[in-house]
Amino acid sequence: MIKILLVDDHEIVRTGLKMLLETTETYEVVCQAENGQEALKSLKSHDVDLILLDLKMPVMDGLTFLATYKEEKERVPVVVLTTMDDDEKIKKAISLGAKSYLMKDTSRETLLRTIDAALHDEMLLTADVTEKLLAGSLPQSAKPTEDFQLTEREIYILSCVARGDTNKSIALELEISERTVKAHLTNIYQKMDVASRSEATAKALGHGIIH
């Protein structure tokens, strides 16, 4: 059973999400929090596998929570679920380690697919969020500000990751094993000094390595 922490300041939203998630036999909401501060306390007393996080909350908002949680050694995936579709908020959340960013009007199927991808350390973004994430990126003619000494293959794999491809689909496309894809990703993380697919994607976009 996948244990989930819901973080949202609206009780009716948390209740609805709990009912939605627990209609499956896969997920269980083990704790809830009204803001980021409560979420940090809950994490000290509950073992969870994933955090579903709103951004606009009193006391401690979602971005502040992400910035604080990023410093923790033992972290679980965080999926943002919010009404805020501001370009900068999306970029900031991804740069702070959020595995994905969803709007609250998303479908049940998209929510469950996104959670499943996050649990497998994969980033699944909807088309509208991807468009906003790419907004302001360097044009393709621009030179990267830094390439982190990435190889052409590593840059290509980063591009695949940015469009939401899974390790399996990348392996099939490149005719290599999933283990080799994971090894490439490990090298990419080390070179870019990041810890996740979302951080690598955000940093690569910010430096104009991918578009």
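Above this text sits the structure in question.
Residues numbered from 1 in each chain as written. Predicted model: local features only at pLDDT ≥ 70, side-chain atom pairs only at ≥ 80, totals over all residues. Heavy atoms only, no water.

Participant: Is there a simple way to think about the overall build of the protein in this case?
Facilitator: The helix and strand tally for the protein stands at 10 helices and 5 strands. Taken over the C-alpha trace, the protein has a radius of gyration of 17 Å; the compact-globule value for 211 residues is 17 Å, and the two agree within 12%. Principal-axis analysis of the C-alpha atoms places the extent of the protein at approximately 45 × 35 × 30 Å. For the protein, the share of sequence-separated contacts (at least 6 apart) that also reach a separation of at least 24 residues comes to 64%. Accessible surface computed for the protein: about 11000 Å², of which carbon and sulfur atoms make up 49%. Taking the 26 positively charged and 36 negatively charged side chains of the protein as two groups, their mean positions are separated by 3 Å. (Helix = DSSP H or I, 4+ residues; strand = E, 2+ residues; numbered from the N terminus. Rg over C-alpha atoms; globule rule 2.2 N^0.38 Å. Contact = heavy atoms within 4.5 Å. Areas by Shrake-Rupley, 256 points an atom, 1.4 Å probe, with all protein chains shown as cover. Lys, Arg positive; Asp, Glu negative; His and termini not counted. Charge placed at Lys NZ, Arg CZ, Asp CG, Glu CD.)

Participant: How do you make sense of the packing of aromatic side chains when you look at a structure like this?
Facilitator: The geometry of an aromatic ring pair is captured by two quantities: the separation of the ring centres and the angle between the planes. Inspection of the entire model under this criterion finds 1 aromatic pair. Where F65 meets Y69, the ring centres are 5.3 Å apart and the plane angle is 15°; that geometry is what we call stacked. Residue F65 and its partner Y69 are located together in helix α3 (residues 62–69), separated by 4 residues, close to a single helical turn. One exposure class covers both F65 and Y69, and it is buried. (Phe/Tyr/Trp six-rings, centres within 6.5 Å; stacked < 30°, edge-to-face > 60°. Buried < 20%, exposed > 50% of the residue type's maximum accessible area, 1.4 Å probe, protein only.)

Participant: Sorry, what's going on with the pairing of strand β2 (residues 27–33) here?
Facilitator: Regular strands have side chains that alternate between both faces of the sheet. Two elements, strand β1 (residues 2–7) and β2, share 6 bridges in a ladder whose sense is parallel. By the bridge assignment for β2, K3 is matched with E28. Assessed by its sense of winding, the connection that carries the chain from β1 through helix α1 (residues 11–21) to β2 is right-handed. (Pairing = 2+ DSSP bridges. Right-handed = clockwise from strand over helix to strand, strands pointing away.)

Participant: I would appreciate a short explanation of the side chain of D165 in the present structure.
Facilitator: By the element assignment, D165 lies in the loop between α7 (152–162) and α8 (167–174). In this view, D165 contacts C160, I170, E173 and R197; residues no more than four positions away in its chain are not counted.

Participant: I keep staring at the sheet that holds strand β3 (residues 50–53) and nothing clicks. Help me out?
Facilitator: Sheet strands associate in pairs through backbone hydrogen bonding, adopting either a parallel or an antiparallel arrangement. The strand order across the open sheet formed by 5 strands is β2-β1-β3-β4-β5, and the pairing between neighbours is parallel. Either end of the sheet is taken by a strand with one partner, and the two such strands are β2 and β5 (100–103). The average angle at which neighbouring strand axes cross in this sheet is 25°, direction not considered. Here β1 runs beside β3; their pairing, made up of 4 bridges, is parallel. Within β3, the residue paired with L5 across the bridge is I51. (Axes fitted to C-alpha atoms, helices over the stretch in contact; angles between N-to-C directions.)

Participant: Could you clarify how one ought to interpret the side chain of K99 in this entry?
Facilitator: Among the structural elements, K99 can be located in the loop between α4 (87–95) and β5. In terms of polar contacts, K99 uses its side chain to reach the side chain of D121, at 2.2 Å. Sequence-distant contacts of K99, defined by excluding residues within four places in its chain, comprise P77, V78, A118, D121, M123, L124, S196, R197 and S198. (Polar contact = N/O pair within 3.5 Å; in protein donor to acceptor, adjacent residues only side chain to side chain.)

Participant: Would you mind showing me how to read unusual backbone geometry here?
Facilitator: Negative phi is the rule for most residues except glycine; trans is the rule for most peptide bonds. In this structure, Q149 is a non-glycine residue whose phi angle is positive, near 60°. Relative to the assigned elements, Q149 resides in the loop between α6 (127–134) and α7. Under the relative-accessibility criterion, Q149 is labelled exposed at 67%. The backbone of D193 sits at a positive phi, close to 60°, despite the residue not being glycine. Its location among the elements puts D193 in the loop between α9 (178–192) and α10 (197–206).

Participant: Would you mind showing me how to read the packing of α9 against α10 here?
Facilitator: A packed helix pair is summarised by two numbers, namely the angle formed by the two axes and the spacing between the axes. It is at 10 Å that the axes of α9 and α10 come closest, and there the two elements cross at 55°. In terms of axis orientation, α9 runs oblique to α10. The handedness of the crossing between α9 and α10 is left-handed. Facing α9, whose interface residues are L185, Y189 and M192, α10 presents R197, A200, K203 and A204. A per-class count over the contact of α9 with α10 returns 5 nonpolar, no polar and 2 charged. (Parallel < 35°, antiparallel > 145°, perpendicular 65-115°, else oblique. Left-handed = near helix turned anticlockwise from the far one by under 90°. Nonpolar A, V, L, I, M, F, W, Y, C, P; charged D, E, K, R; others polar.)

Participant: When you look at the packing of α7 against α8 in this model, what are you seeing that I'm missing?
Facilitator: The contact between α7 and α8 brings their axes to 10 Å, and the two run at 135°. Overall, the two elements α7 and α8 adopt an arrangement that is oblique. Considering the relative orientation of α7 and α8, their crossing is right-handed. Residues R153, Y156, I157, C160 and V161 of α7 form the contact with α8, whose participating residues are I170, E173 and L174. Along the lines of polarity and charge, the residues of the contact of α7 with α8 split into 6 nonpolar, no polar and 2 charged.

What is shown is where atoms sit, not what they do.
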